[in-house]
Amino acid sequence: MGKRVGVLMGGWGEEREVSLKTGEAAVAALEAEGHTVTRVFAGPGLDRVLRTAELDVAFVALHGRMGEDGKVQGLLELLELPYTGSGVLASALAMNKPFAKKLFRLHNLPTPQGYRIGREELALLQERHGDLGFPCVVKPACGGSSLGLALVHDAEALAPAVSNACRYGGEALVERFVSGREVTVGILGGEVLGSCEIATPREGFDYDAKYKGGTNYFLPPRLSATRLANVESLALAAWRALGCRGYGRVDLICTEEQNDFVLEVNTLPGLTPTSLLPKIAAQRGISFSQLVERILGLATRDEAGVAELPALASPAQPTPRRAVVG
């Protein structure tokens, strides 16, 4: 039986265009599966729209800040509306790459060395960079779609790259560059769905490489069966380390020296015609509409209800004193 589904799309941030594409693709797939779909354009007043929309479930097709970072998920929790993707905490941790890296290390998961730096700390950049060396990768500390990503080859280019990355949220993450194959692992329902190797002639899988073509994809990646199994196990461990649920994608680098590094976890990966998760699903024989339907079927919420307080006992009444007649 079809559900009343609200597809949340658009949003406040720089990834609005990609979100609208994901949202429209999800709308078409959900309608084809027999659901009653309402487009919910996220922005100021979103809470009022959701309160009056009469929905059974929210399909979150948002990307980046104010959508993928736990804020909208918190609103949906308050409204007691089930939603797709990870919960509040996992969404916030995955979006904040420096915090995610700390958790990866806590779980003994290899990740490139790096540091966080804010816009107000640019005067300390050279000191903070220390002996990290070059080339290095600069990216926004909280962001997606590879916006603001740069591969920096020397000290002269470092400050402009960090300044540009800080445009997206005010903080940048600078990482040691690791050369190797770029591999992404799709996860659905707590299990590995499959993997894809990304080969691009550009320096890094940036926004243009993702959405404007010129990139080659290898499904499965050009790795031995044993190594691929290890890479997928590492990706699933990273996904679990952040407490993710539903579905997602984990990006890694696999070096020629047989070392593998976790880069980041995407809790709401794109579902556009060029997106990676649908490619991985198709390799497993899962159509786009089937993928969207399975994602919808995993929608839930934390359901952290308020504990009932024990009934308070009535205060004891003082025993009246007897009057003494003399």
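See above for the structure.
So, here is what we can say about the structure in this document. (Residues numbered from 1 in each chain as written. Predicted model: local features only at pLDDT ≥ 70, side-chain atom pairs only at ≥ 80, totals over all residues. Heavy atoms only, no water.)

This part takes up the overall build of the protein chain. From N to C terminus, the protein chain includes 11 helices and 12 strands. Expressed as a percentage of the 326 residues in the protein chain, the buried residues total 51%. In the protein chain, the proportion of contacts linking residues at least 24 apart, taken out of those at least 6 apart, comes to 66%. In the structure as shown, the protein chain presents an accessible area of about 16,000 Å², 52% of it carried by carbon and sulfur atoms. (Helix = DSSP H or I, 4+ residues; strand = E, 2+ residues; numbered from the N terminus. Buried < 20%, exposed > 50% of the residue type's maximum accessible area, 1.4 Å probe, protein only. Contact = heavy atoms within 4.5 Å. Areas by Shrake-Rupley, 256 points an atom, 1.4 Å probe, with all protein chains shown as cover.)

All right, on to the sheet that holds strand E4 (residues 114–118) then. One open sheet accounts for 4 strands, arranged E4-E7-E5-E6; its pairing is antiparallel. At either margin of the open sheet sits one strand with a lone partner, and together these are E4 and strand E6 (150–152). Taking each pair of neighbouring strands and ignoring which way they run, the sheet shows an average axis angle of 25°. Against the sheet, helix H5 (residues 97–106) engages E4, strand E5 (136–140) and strand E7 (171–176), with an angle of about 40° to E7. (Pairing = 2+ DSSP bridges. Axes fitted to C-alpha atoms, helices over the stretch in contact; angles between N-to-C directions.)

Note the cis peptide between Phe 134 and Pro 135, where omega equals 0°. Relative to the assigned elements, Pro 135 resides in the loop between helix H6 (125–129) and E5. Residue Pro 220 is bonded to the preceding Leu 219 through a cis peptide linkage, with omega at 0°. Tracing the backbone through its elements, the reader meets Pro 220 in the loop between strand E10 (216–218) and helix H9 (225–241). Of note, Asn 108 is a non-glycine position whose phi angle comes to about 60°, a positive value. Looking at Asn 108, the relative accessible area reads 69%, which means it is exposed. In this model, Gln 258 sits at a positive phi of 70°, which is unusual for a non-glycine residue.

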